[in-house]
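Chain and residue survey
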Amino acid sequence: PWTDYSILYTDYDTHSVVYACDTFGAGAVKLDWLWAITRTANAIGSAAHDAMKTTVFNVINSKLEDPGDLETRLRATQQTTAEGCVYSEYPIGQF
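Residues numbered from 1 in each chain as written. Predicted model: local features only at pLDDT ≥ 70, side-chain atom pairs only at ≥ 80, totals over all residues. Heavy atoms only, no water.

In a structure, side chains of opposite charge can pair up when their charged atoms sit close to one another. One pass over the structure, following the stated rule, counts two salt bridges. Two residues, R73 and D32, come together in a salt bridge whose shortest N-O distance is 3.4 Å. Here the residue R73 occupies a position in helix 2 (residues 70-73), and D32 occupies one in strand 3 (residues 29-38), the gap between them amounting to 41 residues. The partly exposed category is assigned to D32, whose relative accessible area is 34%. Across the pair E71 and K53 runs a salt bridge whose closest N-O atoms are separated by 3.3 Å. One end of the pair, E71, is in helix 2; the other, K53, is in helix 1 (residues 47-63), and 18 residues separate them in sequence. (Salt bridge = Lys/Arg side-chain N within 4 Å of Asp/Glu carboxyl O. Helix = DSSP H or I, 4+ residues; strand = E, 2+ residues; numbered from the N terminus. Buried < 20%, exposed > 50% of the residue type's maximum accessible area, 1.4 Å probe, protein only.)

A few words on the pairing of strand 3. By the bridge criterion, ten bridges tie strand 2 (residues 15-24) to strand 3 in an arrangement that is antiparallel. Within strand 3, the residue paired with Y19 across the bridge is L34. A loop of four residues connects strand 2 with strand 3, the two strands running antiparallel in sequence, and G25 in this loop sits at a positive phi of about 60°. (Pairing = 2+ DSSP bridges.)

Because the α-helix completes a turn every 3.6 residues, residues three or four places apart line up on one side. With 17 residues, helix 1 should reach 24 Å at 1.5 Å per residue; the first-to-last C-alpha distance of 24 Å fits that figure. The set of residues buried in helix 1 consists of H49, M52, V56, F57, V59 and I60. Down the axis of helix 1, the buried side of the element spans an arc of 160°, and every buried residue falls inside it. Facing away from the buried side of helix 1 by over 90 degrees, the exposed positions are A47 and S62. (Expected span 1.5 Å × (residues − 1). Arc of directions from axis to C-beta.)

This part takes up the sheet that holds strand 1 (residues 6-10). Strand order in this open sheet of three strands is 1-2-3, and the pairing throughout is antiparallel. For this open sheet the edge positions go to strand 1 and strand 3, each flanked by a neighbour on one side alone. Geometrically, the sheet is characterised by an average inter-axis angle of 15° between neighbouring strands, direction not taken into account. Across four bridges, strand 1 lies against strand 2 in antiparallel orientation. (Axes fitted to C-alpha atoms, helices over the stretch in contact; angles between N-to-C directions.)

Structural measurements only, silent on function.
Written out as structure tokens, the structure is:
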């Protein structure tokens, strides 16, 4: 979504935590987004994924007021060619 994003954490090498929040309808509706983005795919349940998840959860808990139950609010998505994702050779919009 188009909004202001805050980088809550990055180690500049392996992963970043990005957060955004918007209100609509004179503040009646609040939506927030949170991503943990990795440079390389970590298989869900692998040691690397579990270590990254622990770091991300610690960052979220330290930066956000009442983030709720992160185990149920967040879900892992495996986005790799091994999972059937198809990626363009060129960035979209580039010619």
